[in-house]
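Summary of structural features
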Amino acid sequence: MKINRNYLKLSENYLFSEVAKRTRDFQVAHPDVAIIKLSIGDVSRPLPAVVVKAMKQACTELGHAKTFHGYGPELGYPWLRAAIADFYREQYQVQLDTDEIVISDGAKSDLSNLLDIFDSQASVAMCNPVYPVYLESNLMLGRTPQFLPATVANQFLPLPDETITADIVYLCNPANPMGVCYNRQQLQLWVNFAREHHAVIIYDAAYACFVSGVDLPRSIYEIDGARECAIEVCSFSKMAGFTGVRCGYTIVPKKLLTRDGVSLNQLWRRRQTTKFNGVSYIVQRGAEAVFTVAGLQAVQKNLAYYRRNVRMIFKTLDELQWSYVGGKHSPYVWVRCPGARGAWECFDFLLNEVGIVCTPGIGFGTAGENYIRLTGFNSYANTRLACQRLLKLKQNKKH
Ligand code: PLP
């Protein structure tokens, strides 16, 4: 049997299993402590009512011969693609052709599947620390990525320079895990670089909904020249609570061409029509409802809820005088481990002293060794309780 031996080089999903194991062990030893997870990357607010209504309606339609839908278009129903194009035009002043938008079951699959349309020898660059899916999808194909360290020195936002030789650059904006966000000028540098080097940017906009203020772009296509070099991957997960429902979309502009004029849009559509049978009618109707007035209001309400949690975390960290970045346009806060601890040491410290679970930064790459990631995704009550407990560290002079 000739298997893909690259899989053997992957480490076990060490980060999350180890977090779960240490949390379990602690709970067994301390059954009376109510552990609070400030580590969660999943949303906690329920779906907007208008989305639930649309999905129920779609379900009813499927139960009647006259309104039944079987296989849908592999690339997504035209009405959902049109709703996304309208949203981009109205919110970002970005004009998209509906043929440039392809509906998927979420960003994770597309971020990995996109590699199918590139040469197996294509080189790739990504941040360190990084969302593990970019790294592991490339390792599975036998590629060794070039890492772009995200450190204090570059304010956790690596910029292009002549040492970067990659054909594909993954950019996550706002970034997971660091929670920081590129501004317009910085993204312009990346676009200029990609065009000069004939590289492609895979732009992960899964957290774009958290960006506020006019100076920060939410779509890469707000940047001049991006249509010639960037693919944007987006998701309803964090925006509208679709983590369990599953829906996303990828934009491959028609202007994105190889040197010899091959259209990446056509390659991606070809790939999807062959390997993917589309997202369910029910889910797409739910996604369409996100763009209604009621849907967008509900999205803003949920985002405000998470932002309030993050502000509470900021206030607590300020009191403790722990240094951190991120969180302003993101649910994630990237915290420097207090007392020069390593990431796992800090994880154990918070779990043992105050019953709080964080994510050790080292799980996202070597540059996360002295960091932990906290999130605003838990409930308000839990986040408040967690913050009160953290403040006790100050009273007890333990921090
Ligand atoms: N991209 C980033 C940076 C993420 O953090 C996540 C999920 O946490 C995803 C993509 C996955 O999104 P989806 O739920 O649409 O697959």
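Residues numbered from 1 in each chain as written. Predicted model: local features only at pLDDT ≥ 70, side-chain atom pairs only at ≥ 80, totals over all residues. Heavy atoms only, no water.

1. Some thoughts on helix α10 (residues 293-320)
- Compared with an ideal rise of 1.5 Å per residue, which puts 28 residues at 40 Å, α10 spans 41 Å between its outermost C-alpha atoms and is within 8% of the ideal.
- Backbone geometry just after α10 places Q321 at a positive phi near 60 degrees. (Helix = DSSP H or I, 4+ residues; strand = E, 2+ residues; numbered from the N terminus. Expected span 1.5 Å × (residues − 1).)

2. Quick notes on the sheet that holds strand β4 (residues 146-149)
- Pairing within the open sheet is mixed, and its seven strands lie in the order β2-β8-β7-β6-β5-β3-β4. The open sheet terminates on both sides in strands that have one partner only, identified here as β2 (101-104) and β4. Strand-to-strand twist in this sheet, taken as the mean axis angle between neighbours without regard to direction, amounts to 25 degrees.
- Those strands touched by helix α8 (residues 264-275) are β2, β6 (200-204), β7 (230-235) and β8 (248-251), and its axis lies near 25 degrees from that of β2. (Pairing = 2+ DSSP bridges. Axes fitted to C-alpha atoms, helices over the stretch in contact; angles between N-to-C directions. Contact = heavy atoms within 4.5 Å.)

3. Notes on a nonpolar patch on the surface
- Together, M1, I3 and L8 give the surface a local cluster of nonpolar side chains, amounting to about 420 Å² of exposed area.
- With respect to the helices, strands and loops of the structure, L8 is situated in the segment before α1 (14-29). (Patch = residues over 30% accessible without salt bridge, like charges linked within 9 Å, V, L, I, M, F, W, Y side chains within 5 Å. Areas by Shrake-Rupley, 256 points an atom, 1.4 Å probe, with all protein chains shown as cover. Salt bridge = Lys/Arg side-chain N within 4 Å of Asp/Glu carboxyl O.)

4. Description of the domain arrangement of the protein chain
- What the domain assignment lists for the protein chain is domain 1 (5-47 + 295-395) and domain 2 (70-292).
- Distance between the C-alpha centres of domain 1 and domain 2: 26 Å.
- Contacts between the two partners involve 31 residues from domain 1, matched on the other side by 40 residues from domain 2.
- Looking only at domain 1, the three residues that lose the most surface to domain 2 are L296, H329 and F364, adding up to 22% of its buried area.
- Those elements that place two or more of their residues in the side of domain 1 that touches domain 2 are α10, β9 (324-326), β10 (332-336) and β13 (371-375).
- Of the residues forming the side of domain 1 that touches domain 2, the biggest block, six residues, is contributed by α10.
- Each residue belonging to the side of domain 1 that touches domain 2 can be placed in one class, and the counts come to 16 nonpolar, 11 polar and four charged. (Domains from an automatic or database assignment. Buried area = accessible area lost by both parts, 1.4 Å probe. Nonpolar A, V, L, I, M, F, W, Y, C, P; charged D, E, K, R; others polar.)

5. Focus on the layout of surface pockets
- Here the largest pocket is characterised by a volume of approximately 1,100 Å³.
- Around the largest pocket, the lining is made up of 42 residues, and of these F16, Y131, P132, V133 and F364 lie nearest the centre.
- Among the elements of the structure, α1, α4 (107-113), α5 (132-140) and α7 (237-240) are those that each provide at least two residues to the lining of the largest pocket.
- If you tally residues by element for the lining of the largest pocket, the top one is α5, at five residues.
- When the residues that make up the lining of the largest pocket are grouped by side-chain class, the tally is 20 nonpolar, 13 polar and nine charged.
- Mapped onto the domain boundaries, the lining of the largest pocket takes at least three residues apiece from domain 1 (5-47 + 295-395) and domain 2 (70-292).
- Considering only enclosed or pocket space, the second largest pocket measures out at about 390 Å³ in volume.
- Taken together, 19 residues line the second largest pocket, and the ones lying closest to its centre are H198, V200, L257, T258 and L264.
- Counting residues per element, the ones that place at least two in the lining of the second largest pocket are α6 (184-197) and α8. (1 Å grid on protein atoms, 1.4 Å probe; cavity = no way out; pocket = protein on both sides within 12 Å on 5 of 7 lines; lining within 4 Å. Points joined across faces, edges and corners; volume = space filled by probe spheres on them.)

6. Some details on the site of the ligand
- Looking at the ligand, there are 14 residues lining it, with D204, Y207, S235, S237 and R246 nearest.
- Between the ligand and S235 there is a distance of 2.6 Å, counted from an oxygen atom to a side-chain nitrogen or oxygen.
- In this structure, S237 approaches the ligand through a side-chain N or O atom, which is 2.6 Å from an oxygen atom.
- Here the ligand loses 90% of its free accessible area of 400 Å² to cover by the protein chains.
- In a pocket analysis with a 2 Å cut-off to the grid points, the ligand is assigned to the largest pocket. (Near = heavy atom within 4 Å. Polar contact = N/O pair within 3.5 Å; in protein donor to acceptor, adjacent residues only side chain to side chain. Sits in = over half its atoms within 2 Å of the grid points.)

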